[in-house]
Amino acid sequence: MTRERQAHGQGGEDVGLDSVVWGCCRAGTGWFWMARHTAWDGTVRRTAHGWRETRDDATRVGAAAARTMAAGTRAQVFLRDRTAEYALRVLLEDSGTPAPQRPAPR
């Protein structure tokens, strides 16, 4: 195993696998969902996001987007709600809308 593979935590079976990360988080009075397909070399291939009124709807739509992105590829799929929080914060900052501040962990 090369040092590069060790640094990324990849065993021989993980080489060449893409990753699809999806999640949802509260956004104001509704819910934000996101999904991102990243190639094994770190290139972001596709992204999708949106808002829904309920957590169940956001989860359903986010999971469907992740399945669609992973279809036909060798990909690992990860549920990461914190990634959705970060994506929402970046999206709001890019639009000029101030993101709500999260209290510091204790």
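A brief structural summary. From a predicted model like this one, the values you see are computed outputs, not experimental measurements.

## A short note on helix 2 (residues 55-70)
Thought 1: Between its terminal C-alpha atoms helix 2 stretches 22 Å, which fits the 22 Å expected from 16 residues at 1.5 Å a residue.
Thought 2: Within helix 2, the full set of buried residues consists of A58, G62, A63, A65, A66, M69 and A70. Each buried residue of helix 2 lies within a common arc of 160° when the element is viewed along its axis, so the set occupies one face. Opposite the buried face of helix 2, by more than 90 degrees, sit the exposed residues D56, R60, R67 and T68.
Thought 3: Against the buried residues of helix 2 lie strand 1 (18-27), strand 2 (30-38), strand 3 (44-52) and strand 4 (75-79).
Thought 4: Of the residues flanking the end of helix 2, it is G72, one or two places downstream, whose phi is positive at about 80°.

## Examining the nonpolar core
Thought 1: V20, W22, C24, W31, W33, A35, A58, A63, A65, A66, M69 and A70 together form the largest nonpolar core, which totals 12 residues.
Thought 2: Elements represented by at least two residues in this core include exactly strand 1, strand 2 and helix 2.
Thought 3: Judged by nonpolar contacts, the second largest core, of seven residues, contains C25, M34, A84 and L88.

## Some thoughts on the sheet that holds strand 3
Thought 1: The sheet built from four strands is open, its strands ordered 3-2-1-4 with mixed pairing. If you trace the sheet from one side to the other, it starts and ends with strand 3 and strand 4, each paired once. Sheet twist, expressed as the average angle between the axes of neighbouring strands with direction ignored, equals 15°.
Thought 2: Of the strands in this sheet, strand 1, strand 2, strand 3 and strand 4 touch helix 2, which is tilted by about 10° from strand 2.
Thought 3: Contacts from helix 3 (residues 81-95) reach strand 1, strand 2, strand 3 and strand 4, with the element oriented near 70° to strand 1.

## Notes on the pattern of salt bridges
Thought 1: With the rule as written, the count across this model stands at three salt bridges.
Thought 2: Notably, a salt bridge pairs D18 with R45, separated by 3.4 Å at the nearest N-O pair. One end of the pair, D18, is in strand 1; the other, R45, is in strand 3, and 27 residues separate them in sequence.

Each value, and the rule that gives it
Residues numbered from 1 in each chain as written. Predicted model: local features only at pLDDT ≥ 70, side-chain atom pairs only at ≥ 80, totals over all residues. Heavy atoms only, no water. Helix = DSSP H or I, 4+ residues; strand = E, 2+ residues; numbered from the N terminus. Expected span 1.5 Å × (residues − 1). Buried < 20%, exposed > 50% of the residue type's maximum accessible area, 1.4 Å probe, protein only. Arc of directions from axis to C-beta. Contact = heavy atoms within 4.5 Å. Core = buried A, V, L, I, M, F, W, Y, C linked by side-chain atoms within 4.5 Å. Pairing = 2+ DSSP bridges. Axes fitted to C-alpha atoms, helices over the stretch in contact; angles between N-to-C directions. Salt bridge = Lys/Arg side-chain N within 4 Å of Asp/Glu carboxyl O.

Note that every value here comes from positions in space, so none of it alone points to a role or purpose.
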